[in-house]
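What the coordinates show
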Amino acid sequence: AMATAGPRSFSAAEVRARCAQGACLVSCHRRLYDLSGFVRLHPGGEQLLRRRAGTDVSAALDGPPHRHSANARRWLEQYYVGELEPGDEQLCAWYWGGLWVPQHYNHCLLPQDLVDWEKPLLWQVGYLGEKYDEWVHQPVDRPIRLFHSDFLEFLSKTAWYVVFMVWTPVVLYLSWVSYTSLAQGNTRLFSSFTTEYSIPVHKYYFPFIFLLGMILWSLLEYLIHRFVFHMKPPASSYYLITLHFLLHGQHHKSPFDSSRLVFPPAPASLFIGLFYGVLRLLLPEVLGLSVFVGGLCGYVIYDMMHYYLHYGSPKKGTYLYGLKAYHVKHHFEHQKSGFGISTRFWDYPFRTLIPEETFKKED
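Residues numbered from 1 in each chain as written. Predicted model: local features only at pLDDT ≥ 70, side-chain atom pairs only at ≥ 80, totals over all residues. Heavy atoms only, no water.

**Some remarks on the overall build of the protein chain**
For the protein chain, the count of helices and strands is 11 helices and seven strands. For the protein chain, the residues scored as buried account for 48% of the 363 residues in total. A fraction of 74% describes how many contacts in the protein chain between residues 6 or more apart in sequence connect residues 24 or more apart. Working note: accessible area of the protein chain is about 19400 Å², and carbon and sulfur atoms make up 63% of it. (Helix = DSSP H or I, 4+ residues; strand = E, 2+ residues; numbered from the N terminus. Buried < 20%, exposed > 50% of the residue type's maximum accessible area, 1.4 Å probe, protein only. Contact = heavy atoms within 4.5 Å. Areas by Shrake-Rupley, 256 points an atom, 1.4 Å probe, with all protein chains shown as cover.)

Shown next, in the form of structure tokens:
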């Protein structure tokens with residue numbers, strides 16, 4: 001029988017010779033990893049690459065900028081490419097240089113998974129039972145196929161700009177309808193209870209009502225993310241596990257699958273319609289529409305923000321940089337806290353804020 005080839009060996013000279021070509025190498029206990037394709041998705045990775053481009057190995061030995069969780073260390077194994085030669089252990093650090101790595105190395109040394117990645121996952125996860133919750137919170141960097149049907153699979157994927165293109169015209173149109181309707185002066189609050197003490201709603205109130213809708217959406221976003229997307233389905237329920245994976249579990253299993261970071265317009269329209277229906281029952285028609293359009297705008301901002309937190313490269317020290325680091329912590333280490341995406345505000349009163357000390361460097 002033919003012997004299985006062992007891991008490729010890399011000499012210190014080879015690493016030094018290639019380290020200025022633009023890639024990112026990480027080594028730990030002689031094991032060498034190529035993070036070239038991932039580093040720009042990591043908070044601060046883009047800035048570190050720019051700062052260290054062209055430096056030699058000795059200038060890149062200050063290690064990672066913060067501590068990493070067990071999930072982050074498992075994630076690292078997907079990028080394993082070989083071993084440093086014996087005697088070069090002192091080079092174990094982060095290398096900001098280049099190294100060409102054949103794609104067949106990816107995933108080859110990962111432990112045996114609980115599902116068959118060559119088949120649609122949606123109909124498999126329900127059988128994981130009590131193993132599902134741990135499995136779904138161990139992220140991987142690979143695309144997910146949900147359905148056997150190519151048509152259903154197509155509908156389950158959405159480019160980020162589709163959300164913007166579909167819903168922004170709706171927001172603009174309904175904003176104009178709301179404002180012009182309020183301008184007629186016929187809208188009064190509490191008119192269904194009393195005409196004597198009802199309050200007229202002036203057209204100049206529209207921006208404040210719109211803002212109220214955005215705030216209401218941010219609260220709804222938090223509640224859905226925490227209590228629906230992060231419910232722990234019963235281990236005995238195949239269908240609830242399957243539903244959880246469809247709604248949000250898939251995103252935690254493969255957080256950098258770019259086609260599944262925003263909500264497809266077709267199913268989103270069902271939730272948006274429900275949101276409008278509830279407001280229509282509680283408020284006068286024009287007032288309900290004004291709150292609704294603010295909430296819809298908040299949803300569009302939320303989806304765009306979510307995509308950016310995964311694929312953007314905000315400048316270190318900015319609000320978005322901190323929010324990106326916060327969201328990455330949610331995915332890799334604190335799945336039961338840090339539910340805010342477009343804002344961390346609601347994590348404060350609901351006491352689900354990720355502790356600040358987890359962002360500090362290790363001594």
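**Notes on the UniProt feature "binding site: Zn(2+) 1" (unreviewed entry) in the protein chain**
Mapped onto the present numbering, the UniProt feature "binding site: Zn(2+) 1" (unreviewed entry) falls at H225, H230, H248, H251, H252, H306, H310, H327 and H331. Mapped onto the fold, H225 is located in helix α7 (residues 206–229). Accessibility expressed as a relative area gives 3% for H225, which makes it buried. Apart from residues lying up to four places away in sequence, H225 is in contact with H230, H248, H330, F339 and I341. (UniProt positions renumbered as here; feature names shortened; annotations may be inferred.)

**Side note on the nonpolar core**
In terms of nonpolar packing, the biggest core is built from 34 residues, with W167, I272, F292, L296 and Y299 touching the most fellow members. Of all the secondary-structure elements, those providing two or more residues to this core are α6 (160–183), α7, α9 (265–282) and α10 (285–311). Looking at this core, the element that brings in the most residues is α10, giving 15 residues. Each residue touching I272, except ones within four places of it in the same chain, is listed here: W167, F292, L296 and Y299. Counting 15 residues, the second-largest nonpolar core is a separate cluster that includes W117, L122, Y132 and F245. (Core = buried A, V, L, I, M, F, W, Y, C linked by side-chain atoms within 4.5 Å.)

**What about the environment of K324?**
Here K324 lies in helix α11 (residues 319–332). With 19 residues separating them along the chain, K324 and M305 place their C-alpha atoms 9.5 Å apart.

**Notes on the confidence of the model for the protein chain**
A residue-level look at the protein chain finds 67% of positions with pLDDT of 70 or above and a mean pLDDT of 78. In this model residues 89–111 is a low-confidence stretch, pLDDT under 50, and it forms 78 contacts with partners more than four residues away in sequence or in other chains. (pLDDT = per-residue confidence, 0-100.)

**Concerning the packing of α10 against α11**
Close contact between α10 and α11 brings their axes to 9 Å; oriented N to C, the two are set at 80 degrees. As the angle between them shows, α10 and α11 are arranged roughly perpendicular. From α10, M305, H306, Y308, L309, H310 and Y311 reach across to α11, where they touch L320, L323, K324, H327 and H331. Among the residues forming the contact of α10 with α11, the class breakdown is six nonpolar, four polar and one charged. (Axes fitted to C-alpha atoms, helices over the stretch in contact; angles between N-to-C directions. Parallel < 35°, antiparallel > 145°, perpendicular 65-115°, else oblique. Nonpolar A, V, L, I, M, F, W, Y, C, P; charged D, E, K, R; others polar.)

**Concerning the UniProt feature "binding site: Zn(2+) 2" (unreviewed entry) in the protein chain**
Residues annotated in UniProt with the feature "binding site: Zn(2+) 2" (unreviewed entry) correspond here to H330. Mapped onto the elements of the fold, H330 is located in helix α11. Setting aside its immediate chain neighbours within four residues, H330 contacts H225, H230, H252, Q335, S337, G338, F339 and I354. In terms of polar contacts, H330 uses its side chain to reach the side chain of H252, at 3.3 Å. (Polar contact = N/O pair within 3.5 Å; in protein donor to acceptor, adjacent residues only side chain to side chain.)

**Considerations on the pattern of salt bridges**
Inspection of every chain in the model, using the stated rule, returns six salt bridges. Of the charged contacts in the structure, one is a salt bridge between E153 and K157, with a shortest N-O distance of 3.9 Å. The class of K157 is partly exposed, set by a relative accessible area of 37%. A salt bridge links E153 to R260; its shortest N-O distance comes to 2.4 Å. (Salt bridge = Lys/Arg side-chain N within 4 Å of Asp/Glu carboxyl O.)

**Regarding the side chain of S259**
Note that S259 resides in the loop between α8 (238–253) and α9. Of note is the side chain of S259, whose polar atom sits 2.9 Å from the side chain of D257. Discounting residues that sit within four places of it in the chain, S259 has contacts with S156, K157 and T158.

**Looking at the packing of aromatic side chains**
Counted according to the given criterion, the structure contains 22 aromatic pairs. For the ring pair Y222 and F350, a centre distance of 4.9 Å and an interplane angle of 20 degrees mean the geometry is stacked. Taken as a pair, Y222 in helix α7 and F350 in the segment after α11 lie far apart in primary sequence, 128 residues in all. When the centroid spacing of 5.2 Å and the interplanar angle of 70 degrees are considered together, the rings of Y276 and F292 count as edge-to-face. Residue Y276 is found in helix α9, and its partner F292 is found in helix α10; the two are separated by 16 residues along the sequence. On the basis of relative accessibility, which here comes to 26%, the residue Y276 falls in the partly exposed class. With relative accessibility at 6%, the residue F292 sits in the buried group. Aromatic rings pair up to connect W160, Y161, F256, Y307 and Y311 into one cluster. Stacked on the ring of W117, the Lys or Arg R142 has its end atom at 4.5 Å from the ring centre. Lying over the aromatic face of Y326, R344 brings its terminal NZ or CZ to 4.8 Å of the ring centre. (Phe/Tyr/Trp six-rings, centres within 6.5 Å; stacked < 30°, edge-to-face > 60°. Lys NZ or Arg CZ within 6 Å of the ring centre and 35° of its normal.)

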